[in-house]
Amino acid sequence: MTQHTIAGTVLTMPVKIRKAHQHMAMFSVDADAAQRLIDYSGLTVCRYLPGRAIVVLMLMRYEDGDLGQYYEYGTNVMVNPPGSTATGPRALQSAGAFIHHLPVDQAFTLEAGTKIWGYPKVMADFTIRDGHTYSFDVTIDGQFVVGMDFGKGLPVPARFTSKPQAHPTYSYRDGVVRSTVGEMTLSDVRYRPGGARVRLGEHPYAKDLASLGFPKRALVSSSAGNVQMSFADAQEVHP
């Protein structure tokens, strides 16, 4: 059982998230453009269809967990495990999420995320509008980065979503690629085809997204009223 000291607080692994909310949208993008975006990592995008890759944009609101309360936005590119050249829809079953952007709004989780897992966390400001549609805006240093607007999905029966899921996430920092296995249990889940719109600003992160062909209609969007998670220590991997 390992421990990490972050800002004077001792964290014992695995880190636990007891309550969080999630809004997520999955997009089909040009695979070559996605590969150029993450070439620096040495990883390979998962080509689930000829010439196509999957990018997942996600907003998390962490309410009760070992890292405190905070908002987090993520740009996640689905990649093959190191060494794999799998393609086709079935390849997505073993794919993991390479985290290309990960702005947050609290200093403690920023320090923990970068030091423990090598995540690309940076400080940002979040504006949330929770009405008929759920919308958020992310700004960094006063510059608009990305916003999303979500329509409400249809409830998914709990028997389809309550089973814990374990998926790897990949990060790149200081020349090192790391894999972190996180376990996640979702409840109060809603899905819908499409259902999400992306708005982009002029920040370099927005230009990264624009290079993939955003904004486009999402393949699918979802929300989860509660997410419970645990994160183990990161392991170095060699693409």
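The name given to the protein chain in an unreviewed UniProt entry is Acetoacetate decarboxylase, and the organism recorded there is Mycolicibacterium holsaticum.

What about helix α1 (residues 31-38)?
Of all the eight residues making up α1, six are buried; the element is thus mostly covered by neighbouring parts of the structure. Taken together, the buried positions of α1 are occupied by Ala31, Ala33, Ala34, Gln35, Leu37 and Ile38. For α1, the secondary structure elements touched by its buried residues are β3 (15-30), β4 (52-65), β5 (70-79), β6 (96-104) and α3 (204-210). Between a side-chain oxygen at the N-terminus of α1 and the backbone nitrogen of Asp32 the separation is 3.1 Å; the capping residue is Asp30.

What to know about the side chain of His101
Within the secondary structure layout, His101 lies in strand β6. Side-chain polar atoms of His101 contact the side chain of Thr75, separated by 2.9 Å. Those residues in contact with His101, other than ones at most four positions away along the chain, are Tyr73, Gly74, Thr75, Pro120, Tyr205 and Asp208.

What to know about the packing of aromatic side chains
Considering all chains together, one arrives at eight aromatic pairs under this definition. Seen from their ring centres, Tyr73 and Phe136 are 6.1 Å apart, and the 45° between their planes marks the pair as tilted. Of this pair, Tyr73 sits in strand β5 while Phe136 sits in strand β9 (residues 134-140), and the two are 63 residues apart along the sequence. Residue classification places Phe136 among the buried positions, given a relative accessible area of 0%. An aromatic cluster of at least three residues, connected via ring pairs, comprises Tyr40, Phe98 and Tyr172.

Points about helix α2 (residues 107-117)
Listing the buried residues of α2 in full gives Thr109, Ala112, Gly113, Thr114, Ile116 and Trp117. One or two residues past the end of α2 sits Gly118, with phi positive at roughly 70°.

Points about the side chain of Ser223
Here Ser223 shows up in strand β15 (residues 220-231). Look at Ser223 and you get buried, because its relative accessible area is 16%.

Considering the environment of Val77
Along the polypeptide, Val77 turns up in strand β5. Looking at Val77, the relative accessible area reads 0%, which means it is buried. When the C-alpha atoms of Val77 and Gly201 are compared, they prove to be 20 Å apart, with 124 residues separating the residues in sequence.

Concerning the nonpolar core
Among the nonpolar cores identified, the biggest contains 39 residues, and Phe27, Leu57, Tyr73, Met148, Leu212 and Phe214 are the most heavily contacted of them. Listed by contribution, the elements that provide at least two residues to this core are β3, α1, β4, β5, β9, β10 (143-150), β14 (196-200) and α3. Counting residues per element, this core draws most heavily on α1, at five residues. Residues within four places of Leu57 in sequence aside, it is in contact with His23, Met24, Ala25, Phe27, Tyr73, Gly74, Thr75, Met148, Val198, Leu209 and Phe214. Formed by 25 residues, the second largest nonpolar core is a distinct cluster that contains Leu11, Ile99, Val104 and Met184.

What counts, and at which threshold
Residues numbered from 1 in each chain as written. Predicted model: local features only at pLDDT ≥ 70, side-chain atom pairs only at ≥ 80, totals over all residues. Heavy atoms only, no water. Buried < 20%, exposed > 50% of the residue type's maximum accessible area, 1.4 Å probe, protein only. Helix = DSSP H or I, 4+ residues; strand = E, 2+ residues; numbered from the N terminus. Contact = heavy atoms within 4.5 Å. Polar contact = N/O pair within 3.5 Å; in protein donor to acceptor, adjacent residues only side chain to side chain. Phe/Tyr/Trp six-rings, centres within 6.5 Å; stacked < 30°, edge-to-face > 60°. Core = buried A, V, L, I, M, F, W, Y, C linked by side-chain atoms within 4.5 Å.

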